[in-house]
Amino acid sequence: MPTVPTLHPLPVFSKPDPSPRPTACQGERQETLELLEWPRLCQHLATFAATPLGRRACLELDPWQSRADSEAYLEQTEEAIRLDRTQAGGLSMAGIHNLLPALERAERGGILSGEELVQIATTLGAARRIRRLIDDHDHLPHLQAWVSNLRTYPELEQEIFRCLEEHGEVRDSASPTLADLRQQQRRQRSQIQEQLQQLMSQYPQALQDTLIGQRQGRFVLMVKATHRDLIRGLVHDSSASGATLYVEPYAVVELGNRWRETQAQIQAEEERILAALSAQVAAVATDLEHLQGVMVGLDVALARGRYSLWLEGNRPQFVSAGLRLRQAKHPLLLWQSRAAAPSEGQGSAVVPIDFTLADSIRVVVITGPNTGGKTVALKTLGLLVLMAKAGIFLPAQDPPQLPWFDGVYADIGDEQSLQQNLSTFSGHIRRISRIVQALQSAPEPALVLLDEVGAGTDPTEGAALAAGLLEYLSERALLTLATTHYGELKALKYQHPGFENASVEFDEVTLAPTYRLLWGIPGRSNALAIAQRLQLDPEILRRAQQHLQGESQVDQVIAGLEAQRAQLEERAAQVGSLHRELESLHQQMQQRSRQIAEREAQLEHKQNQELQALLAAARQEVAAAIRRLQQGEDPQRITAELAQIQQRYSPPPPPVDMEFVPEVGDRVRLRGLGQTGEVIAIEGDVYVVRSGILKFTVPRGQLDPIDEHQAKQRQRPKAPPPSPAATAPLNLRTSQNTLDLRGKTVADAEAILEQHFAQAPPGPVWIIHGHGTGRLRAGVQAYLQNHPRVQRFSAADPQDGGTGVTVAHLQ
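Structural notes, computed from the coordinates.

In this section: the overall build of the chain. For the chain, the helix and strand inventory stands at 22 helices and 25 strands. Classification of the 811 residues of the chain by burial places 41% in the buried group. Intrachain contacts of the chain at a sequence separation of at least 6 include 70% that bridge at least 24 residues. Total accessible area computed for the chain in this model is approximately 43,900 Å², and 51% of it derives from carbon and sulfur atoms.

So this is what it looks like as structure tokens:
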């Protein structure tokens, strides 16, 4: 059974903590959460929780977990998503209430109200329903282990509902004494009402209204003040105007006294019943507190799963080194964009960022213009690391891979303080000093994020201080990302093997940032370009350009690198377009192939039916001739008749088959593709046809003439049927017939294969399982061995992955 991590400490469980003040490391962590706006993300997460306690736990979600706990939380999130999808509208947490105040009072000997007891019973029933759903579902080992020791006390739930109504009122059946007392009270009430009805019919002119009311627990009539002498009794109240008196006639005073005595006895009996139920609750309060914690933890896991799905996130993988986050999006910007979409059409699109770092990289220097997205890049990485540690999937392409960071430290923003007499530079230095002290006191794999490192002082000294700090952090932290405008820091990459450059892209045509992060290329601040966009005086820009003449060579080199990158991206886009075109042609070819196969099957079925009809007719005629021969008819006549039957039902001699045999230079049509091309080479029965920028190698049987004249001109007697290999369909590997099962369990891989095989057309399927321990490959091949649709399978060609990929041929 898998291990289950301890639940997140919930504020509702906490008691006064006499522990000392937080350490410097804890203080830095809390400050990092605030700088990265982690509380805002927790607010977004809380909207996906179903219970008040679950929302409170989400708001105080602690990302500072051990690696084992984070891995377990990710498993819980994945299982919660799987469980949530099995229920229409998602798993319902209806019936789960906050029991902790009531349990605490019951443990102290207090008497719980009927409503509180009903909430306890309802929570027990809901927890039992949820546990049954989890136990009945496959592939939920962590959640099943979580609820395995959950006690839901059905006998306590039944006892509460036996004694109480759904709104907390005590039932008559709760005790025989209570039933007798309430029956007695109903008789007394009936007697009082009969007496009052007689008085009302006797003195109708004295009444303000014909209703029987109650004041201070006594039954009264509404008597006009001017007629109080007609109905004598005790006055318990009067109207605001004094025109109406609420009088209890003397005739019912004694009956009212007895009714009040019975009411007191009923209240005492109800309190006794509630006290007994409260004592039963107090006896199992510890188990009920554990049940409450499990339900809150499950609500938090479901919230993480639903939030992950809303983000279109993928499960992160913790790796030993390196960083691979492709198309990563800032979760808070994503929320803001989607929140604005209903009122602003589509909302502003969030530009994704790629983080791809080699294992040896320890420091990344990010440069570029202001408002270009440098700080957003820092916050994006910091938040994604915290989300992974807290068990939330990441809004990035699958599979997101990142190293394990025990600590995350950030210096982002301006810490200028007039009260503490701190300048911007001093504020940054104080913050960086605390980060360094935390790293020294607790050596751990850490992520450090520095915004505008070394800024706020003399540029020369600031650049030197920043360079020294980054060199120091490269030895202390696992990864450091720093933004800067100092050109000197760009050269650190060429002095230290663990440094890398990155920049935010700036479109010099529109003179605006694109917010894309470019790797390997240092950026330019583009201050003059931005000033020009903001319409600064051209004379000032001209003079500024003169001062930059001596430093323009570096910018020219960077501009050349950016131009090369743009060309490479353009070529990559062309390759992608060609790949999509190939996939489209492959889909068309498969569709045509299926249509031809269906047509051939229909024709074959029709021919078989006609053949069976002819055979049946021939058998009937032969049988009739034999019967006449047995009856003594002339044998020669019967023999002649049988010869006629044979001649009539024998197939005609086969015509000489002709086929189309093109030559080099002929224009032909590719059967099944609807494309025309030119024959450029012939190798036996295999033809090479060029169609536009594509070349096809196909057997002669897949070529058709352009027109009837060409068909007659190139007609030749048909050669013997080609071998099956010559007419095999053209097999192309595409994203639709390739499955990547790396990182999956054998059970998950089998489920994915079964779903794909149920919909896939006949043909090859490339299954990527990798090498690893070989367990996944063995499980996949064992599954293929027994699948009815798999005709054969083998390892892929070396250029397609070799033994790390298995090619299965479906029939």
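This part takes up the sheet that holds strand β16 (residues 667–670). Across the sheet, 5 strands lie side by side as β19-β18-β17-β16-β20; this open sheet has antiparallel pairing. For this open sheet the edge positions go to β19 (694–699) and β20 (703–705), each flanked by a neighbour on one side alone. Across this sheet, the average inter-strand angle for adjacent strands is 45°, counted without regard to direction. Pairing analysis gives 6 bridges linking strand β18 (residues 686–691) to β19, with the strands arranged antiparallel. Looking across to β19, one finds that arginine 690 is bridged to lysine 695.

What follows concerns the packing of helix α4 (residues 67–85) against helix α11 (residues 285–310). Between α4 and α11, the shortest axis-to-axis distance is 8 Å and the interhelical angle comes to 75°. With respect to their mutual orientation, α4 and α11 come out roughly perpendicular. Across the interface between the two elements, Tyr73, Gln76, Thr77, Ala80, Ile81, Asp84 and Arg85 from α4 touch Ala301, Leu302, Arg304, Gly305, Arg306, Ser308 and Leu309 from α11. Of the residues belonging to the contact of α4 with α11, the class tally is 6 nonpolar, 4 polar and 4 charged.

For the rest of this paragraph, the subject is empty space enclosed by the protein. Using the criterion set out here, one finds 4 cavities of 30 Å³ or more in the structure. The calculated volume of the second largest cavity comes to roughly 60 Å³. Considering the residues around the second largest cavity, the lining is formed by Ala321, Gly322, Leu323, Leu357, Ala358, Asp359, Ile361, Arg362, Pro403, Leu478 and Leu479. The residue inventory of the lining of the second largest cavity, partitioned by class, reads 8 nonpolar, 1 polar and 2 charged.

This model, assessed by the stated rule, comprises 9 aromatic pairs. Here the aromatic rings of phenylalanine 48 and tryptophan 335 are separated by 6.3 Å at their centres, their planes lie at 80°, and the arrangement is edge-to-face. Remark: tryptophan 335 occurs in helix α12 (residues 331–340) and phenylalanine 48 occurs in the loop between α2 (38–46) and α3 (52–59); sequence separation between them is 287 residues. Here phenylalanine 318 and tryptophan 404 contribute two aromatic rings whose centre-to-centre distance is 5.0 Å and whose plane-to-plane angle is 85°, an arrangement assigned as edge-to-face. One end of the pair, phenylalanine 318, is in strand β5 (residues 317–319); the other, tryptophan 404, is in the loop between β9 (401–403) and β10 (407–411), with 86 residues separating them in the sequence. With respect to class, phenylalanine 318 is no different from tryptophan 404; both count as buried. Members of the aromatic cluster, each reached through a chain of ring pairs, are Phe48, Tyr307, Trp310 and Trp335. Its end group placed over the ring of tyrosine 246, arginine 215 keeps NZ or CZ at 4.0 Å from the ring centre.

This brings us to a nonpolar patch on the surface. Residues Leu578, Leu582 and Ile693 make up a contiguous nonpolar surface patch of roughly 270 Å² in combined accessible area. Topologically, leucine 578 is positioned in helix α18 (residues 552–630). Classification of leucine 578 by relative accessible area gives partly exposed; the value is 32%.

Take α3 next. By the burial criterion, the buried members of α3 are Leu53, Gly54, Ala57 and Cys58. The buried side chains of α3 occupy one side of the element, clustering within an arc of 140° when seen end-on. Looking at the buried side of α3, the elements it contacts are α2 and α11.

Turning our attention to the side chain of lysine 374. Take lysine 374: it is sitting in helix α13 (residues 374–389). Buried charged residue lysine 374 carries no salt bridge. Nearest counter-charge: glutamate 452, at 4.2 Å. Those residues in contact with lysine 374 that sit more than four places away from it in its chain are Ile366, Thr367, Gly368, Pro369, Glu452, Thr483, Thr484, His485 and Val504.

As a further point, take the packing of helix α6 (residues 114–136) against helix α10 (residues 253–283). The geometry of α6 relative to α10 is characterised by a closest axis approach of 11 Å and an angle of 40° between their N-to-C directions. Here α6 is positioned oblique relative to α10, judged by the angle of their axes. Crossing of α6 against α10: the hand is left-handed. Two secondary-structure elements touch here, α6 through Gly114, Leu117 and Ile120 and α10 through Leu274, Leu277, Ser278 and Val281.

With that out of the way, let us pick up the pairing of strand β23 (residues 763–768). With 6 of 6 residues buried, β23 is to be regarded as a mostly interior element. Across 3 bridges, strand β22 (residues 738–740) lies against β23 in parallel orientation. Pairing of leucine 739 across the sheet is with isoleucine 767, part of β23. Tracing the backbone out of β22, into helix α21 (residues 746–759) and back to the parallel element β23 gives a crossover that is right-handed. In this sheet, strand β25 (residues 805–810) lies alongside β23 in antiparallel orientation, the contact comprising 6 bridges. Across the sheet, the residue bridging to isoleucine 768 is valine 805, located in β25.

Looking now at α12. For α12, the full list of buried residues reads Pro331, Leu332, Leu334, Ser337 and Ala340. Where α12 is buried, its residues meet α2, α11 and α13.

Turning to the sheet that holds strand β1 (residues 207–215), a few remarks are in order. The strand order across the open sheet built from 4 strands is β1-β2-β4-β3, with neighbouring strands paired in antiparallel fashion. Lying at the two open borders of the sheet, with one neighbouring strand each, are β1 and β3 (233–238). The mean inter-strand angle of the sheet, taken between neighbouring strand axes irrespective of direction, is 35°. On the sheet, α10 packs against β1, β2 (218–224), β3 and β4 (244–249) and is oriented at approximately 145° with respect to β2.

Another point: the nonpolar core. Grouped together as the largest cluster of nonpolar side chains are 62 residues, with contacts concentrated most on Trp38, Phe355, Leu381, Leu479 and Leu481. Looking at which element gives the most residues to this core, the answer is α13, with 9 residues. In this structure, Ala126, Trp146, Leu150 and Val170 belong to the second largest nonpolar core, which totals 46 residues.

With that settled, the discussion passes to the pairing of β16. Burial along β16 is one-sided: Val668 and Leu670 are buried, while Arg667 and Arg669, pointing the other way, are not. In the sheet, β16 pairs with strand β17 (residues 675–683) via 4 bridges, with the strands oriented antiparallel. In the strand pairing of β17, arginine 669 is matched with threonine 676. What sits between β16 and β17 in their antiparallel hairpin is a turn of 4 residues, with glycine 672 showing a positive phi close to 90°. As paired elements, β16 and β20 share 3 bridges and run antiparallel to each other. If you follow leucine 670 over to β20, its bridge partner there is leucine 703.

Scanning the entire structure with this criterion turns up 0 disulfides. Sulfur of cysteine 42: no disulfide; nearest cysteine sulfur belongs to cysteine 58 and is 7.8 Å away. On the basis of relative accessibility, which here comes to 0%, the residue cysteine 42 falls in the buried class.

Here serine 278 is to be found in helix α10. For serine 278, a relative accessible area of 2% translates into the label buried. The spatial distance from the C-alpha of serine 278 to the C-alpha of alanine 102 is 9.2 Å, given a sequence separation of 176 residues. At 2.9 Å, the side chain of serine 278 and the backbone nitrogen of leucine 112 are in polar contact.

About the cut-offs
Residues numbered from 1 in each chain as written. Predicted model: local features only at pLDDT ≥ 70, side-chain atom pairs only at ≥ 80, totals over all residues. Heavy atoms only, no water. Helix = DSSP H or I, 4+ residues; strand = E, 2+ residues; numbered from the N terminus. Buried < 20%, exposed > 50% of the residue type's maximum accessible area, 1.4 Å probe, protein only. Contact = heavy atoms within 4.5 Å. Areas by Shrake-Rupley, 256 points an atom, 1.4 Å probe, with all protein chains shown as cover. Pairing = 2+ DSSP bridges. Axes fitted to C-alpha atoms, helices over the stretch in contact; angles between N-to-C directions. Parallel < 35°, antiparallel > 145°, perpendicular 65-115°, else oblique. Nonpolar A, V, L, I, M, F, W, Y, C, P; charged D, E, K, R; others polar. 1 Å grid on protein atoms, 1.4 Å probe; cavity = no way out; pocket = protein on both sides within 12 Å on 5 of 7 lines; lining within 4 Å. Points joined across faces, edges and corners; volume = space filled by probe spheres on them. Phe/Tyr/Trp six-rings, centres within 6.5 Å; stacked < 30°, edge-to-face > 60°. Lys NZ or Arg CZ within 6 Å of the ring centre and 35° of its normal. Patch = residues over 30% accessible without salt bridge, like charges linked within 9 Å, V, L, I, M, F, W, Y side chains within 5 Å. Salt bridge = Lys/Arg side-chain N within 4 Å of Asp/Glu carboxyl O. Arc of directions from axis to C-beta. Lys, Arg positive; Asp, Glu negative; His and termini not counted. Left-handed = near helix turned anticlockwise from the far one by under 90°. Right-handed = clockwise from strand over helix to strand, strands pointing away. Core = buried A, V, L, I, M, F, W, Y, C linked by side-chain atoms within 4.5 Å. Disulfide = S-S within 2.5 Å. Polar contact = N/O pair within 3.5 Å; in protein donor to acceptor, adjacent residues only side chain to side chain.

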